[in-house]
Amino acid sequence: MNRAAGILLPIASLPSNYGIGCFSQSAYDFVDWLKEAGQTYWQILPLGPTSYGDSPYQSFSTYAGNPYFISLEALTEEGVLTKEECDQVDFGSEADDIDYEKLYKNRYPLLRKAYERSDISKNTDYLHFVDENRWWLSDYALFMAVKERFEGKPWTEWAEDIRLRWGNAMDYYRRELYFDIEFQQYLQFKFFSQWNELREYANGKGIRIVGDIPIYVAMDSADTWAHPELFQLDGNNVPTAVAGCPPDGFSEDGQLWGNPLYRWEYHRLTGYDWWITRMWYSFQMYDVVRIDHFRGFDEYYSIPYGEKTAVNGHWEKGPGIDLFRCMERRLGKHEVIAEDLGYMTDSVRRLVSDSGFPGMKVLEFAFDSRDSGSASDYFPHNYTENSVAYTGTHDNETIVGWYRNILPEERRMVRDYLCDQHTPEKELYKSLIALVMRSVAKACIIPIQDYLGYDNVSRTNKPSTLGINWRWRLKEKELGDKLQKEVLAVTKRYGRMNWQ
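Residues numbered from 1 in each chain as written. Predicted model: local features only at pLDDT ≥ 70, side-chain atom pairs only at ≥ 80, totals over all residues. Heavy atoms only, no water.

Asks: Tell me about the overall build of the protein, and please be specific about residues and values.
Replies: Check the secondary structure of the protein and you find 19 helices and twelve strands. In summary, the protein has a C-alpha radius of gyration of 23 Å against a globular reference of 23 Å for 500 residues, a match within 12%. By its C-alpha atoms, the protein is 70 × 55 × 40 Å across when sized along the principal axes. Considering the protein as a whole, with its 500 residues, one finds that 56% of them fall into the buried category. In the protein, the share of contacts with a sequence separation of at least 24, taken over all contacts with a separation of at least 6, comes to 74%. The centroid of the 56 positive side-chain charges in the protein is displaced by 3 Å from the centroid of its 75 negative side-chain charges. (Helix = DSSP H or I, 4+ residues; strand = E, 2+ residues; numbered from the N terminus. Rg over C-alpha atoms; globule rule 2.2 N^0.38 Å. Buried < 20%, exposed > 50% of the residue type's maximum accessible area, 1.4 Å probe, protein only. Contact = heavy atoms within 4.5 Å. Lys, Arg positive; Asp, Glu negative; His and termini not counted. Charge placed at Lys NZ, Arg CZ, Asp CG, Glu CD.)

Here's what the structure looks like:
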């Protein structure tokens, strides 16, 4: 990474006509906006199909794309849908909100109609896509088709024969659900055709995509169903332990994520084939890959299956640097960002250092009056060049909301650090962005809500809550020329311009 800047904006949060951001003209317009604002990076969130809770970090597949992101406008141009059909569907009434319930109920019937009109089985590009991706697509398409047959239930609640993938059951459902399976393959073909076109356009403008992959897969996913040997499951494919985070100052019960844990000894014996394939695939999709919860490769928190909280969990050793040395030998060097936030130990710091990947620095974490340490890793004067700096991430409050909610003594810490007692609070977010932008960190990525000066009404995610997250999106014309010039100015001022 050279000294550069970027913006964090999920695909889902783009403006759109049909309920959720997607690969429509708005995505291309945003790329143009980024280019004119001097930016180099567009950081997004995971692109997988989302499950219960709508979190992009809980996906039905490691490899598949989210059908919600397929542009309906592109399908109307193709002639498999009409504008009238799309306009008549209720996707929700709020332009700045995503109504996932209405999306689920109303978008799939439209996509099914497009599939049925497509005559896709005669499309040579589609046939090539299916053949090239059969190694993951076959299991995923069958998984989704069977899930629909079982009324959306998790695979752990399916009939035993297909839950355990008995041969006769697999053959039966492949025959019985032939067109449902083809529909799922069609959705993936359309997703990746549109995504590759958007990424190619972005790269042509000098914009690099920072993708994001969760360290864990969801229990209710094609990955876990098709490859139980990779995970800590018993003979009936029931987890023996699940993932989470221990109790801390923010949560006395910790966080119980519920993802299956990896059987790392098995992965080691296979030369980490599954992980190396996953990373190879990610490098095909993105220019830079951010790995969420990187500390889990050093040590991971193991919670006995069936526990209601994370209190009774314990730490286990992960694969460590061995995985990443294996990866580099087989894939060569690629750009990775290690999400090394949270409780840091010396061994985690050593793993990040040994990997050579830049870690993350989040300004909001610096001004914690409960931190008894003499200096924080998150103060900008302590940043290292090999790091990526943020005001906050998708899991944090907006910088405006954060400043309003911290303790009075912490607000004094902020003012003292800035040597600024006079800037009106409503303008202070600009000073905080500038503070991060002038740091030594090679890359600086700012959530778009922070550039807009928005409060927590526009927050993307509040961990450990359900129903209120992943819903915010931009409205048309919220970016505009004025903001673009402000972003350009601060980017140029601190030597982070994209001159391509």
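Now, onward.
Asks: Can you tell me about the pairing of strand 10 (residues 359-362), naming the residues and giving the values?
Replies: It is a general feature of regular strands that their side chains alternate between the two faces of the sheet. Burial along strand 10 is two-sided: Gly359 and Lys361 and Met360 and Val362, pointing in opposite directions, are all buried. When strand 10 meets strand 11 (residues 387-390), the two strands line up parallel, connected through four bridges. Bridging across to strand 11, Met360 finds its partner in Val388. (Pairing = 2+ DSSP bridges.)

Asks: Give me the sheet that holds strand 5 (residues 255-260): which residues, what numbers.
Replies: Strand order in the open sheet formed by four strands is 5-4-7-8, with antiparallel pairing between adjacent strands. A single partner strand is all that each edge strand has here, and the edge strands are strand 5 and strand 8 (314-317). Strand-to-strand twist across the sheet, computed as the mean angle between neighbouring axes with direction ignored, equals 50 degrees. Taken together, the four bridges between strand 7 (residues 299-304) and strand 8 define a ladder with antiparallel strand orientation. Directly across from Tyr301, in strand 8, lies its bridge partner Trp315. (Axes fitted to C-alpha atoms, helices over the stretch in contact; angles between N-to-C directions.)

Asks: Residues and numbers for the sheet that holds strand 2 (residues 41-43), please.
Replies: Strands belonging to one sheet form pairs held by backbone hydrogen bonds; the direction of such a pair is parallel or antiparallel. Taking strand neighbours across the sheet as the criterion, the eight strands line up as 9-6-3-2-1-12-11-10 in an open arrangement whose pairing is parallel. The open sheet is flanked by strand 9 (336-338) and strand 10, the only strands paired with a single partner. Across the sheet, the mean angle from the axis of one strand to that of its neighbour is 25 degrees, orientation sign disregarded. For strand 1 (residues 4-8) and strand 12 (residues 443-447), the ladder comprises five bridges, and the chain directions are parallel. When the bridges of strand 12 are listed, Ala4 appears paired with Ala443.

Asks: Could you give an account of the pattern of salt bridges, with specific residues and numbers?
Replies: Applying the stated criterion to the full structure yields 31 salt bridges. Among the salt bridges present, the one from Asp139 reaches Arg165, with a minimum N-O distance of 3.1 Å. One end of the pair, Asp139, is in helix 6 (residues 134-149); the other, Arg165, is in the loop between helix 7 (160-163) and helix 8 (167-176), with 26 residues separating them in the sequence. Taken together, the salt bridges that share partners define one network made up of Glu427, Lys430, Lys482 and Glu486. (Salt bridge = Lys/Arg side-chain N within 4 Å of Asp/Glu carboxyl O.)

Asks: Describe in detail the packing of helix 4 (residues 100-118) against helix 9 (residues 178-204), supporting the description with residues and values.
Replies: Between helix 4 and helix 9, the least distance of the axes is 10 Å, while the angle of their chain directions is 100 degrees. Considered as vectors, helix 4 and helix 9 are oriented roughly perpendicular to each other. Two secondary-structure elements touch here, helix 4 through Tyr108, Leu111, Arg112, Ala114, Tyr115 and Ser118 and helix 9 through Phe179, Asp180, Glu182, Phe183, Tyr186 and Leu187. For the contact of helix 4 with helix 9, a count of residues per class yields eight nonpolar, one polar and three charged. (Parallel < 35°, antiparallel > 145°, perpendicular 65-115°, else oblique. Nonpolar A, V, L, I, M, F, W, Y, C, P; charged D, E, K, R; others polar.)

Asks: Help me get a handle on the nonpolar core, residues and values and all.
Replies: Soluble, globular proteins show a tendency: their nonpolar side chains are buried together. Among the nonpolar cores identified, the biggest contains 162 residues, and Trp33, Trp42, Trp195, Trp275, Phe297, Phe324 and Tyr451 are the most heavily contacted of them. If one sorts the elements of this core by residue count, helix 9 sits on top with ten residues. Apart from the residues lying within four places of it in its own chain, the contact partners of Trp33 are Ile7, Ile448, Leu479, Gly480, Leu483, Gln484 and Val487. (Core = buried A, V, L, I, M, F, W, Y, C linked by side-chain atoms within 4.5 Å.)

Asks: A description of unusual backbone geometry should follow, citing residues and the corresponding values.
Replies: With the exception of glycine, the majority of residues adopt a negative phi angle, and the majority of peptide bonds are in the trans configuration. Here the phi dihedral of His293 falls at roughly 55 degrees; this positive angle occurs in a residue that is not glycine. Mapped onto the elements of the fold, His293 is located in the loop between strand 6 (288-291) and strand 7. Relative accessible area serves as the criterion here: at 11%, His293 is assigned to the buried category. At Lys477, a position not held by glycine, the phi torsion is positive, near 70 degrees. Inspection of the secondary structure assignment puts Lys477 in the loop between helix 18 (448-452) and helix 19 (480-493). We classify Lys477 as exposed; its relative accessible area is 81%.

Asks: Residue-level account of helix 8, with values.
Replies: Listed as buried for helix 8 are Ala169, Met170 and Tyr173. For helix 8, the angular spread of the buried residues around the axis is 100 degrees, confining them to a single face. Away from its buried face by more than 90 degrees, helix 8 exposes Asn168 and Arg175. Looking at the packing, one finds that the buried side of helix 8 touches helix 6, helix 7, helix 9 and helix 10 (222-226). (Arc of directions from axis to C-beta.)

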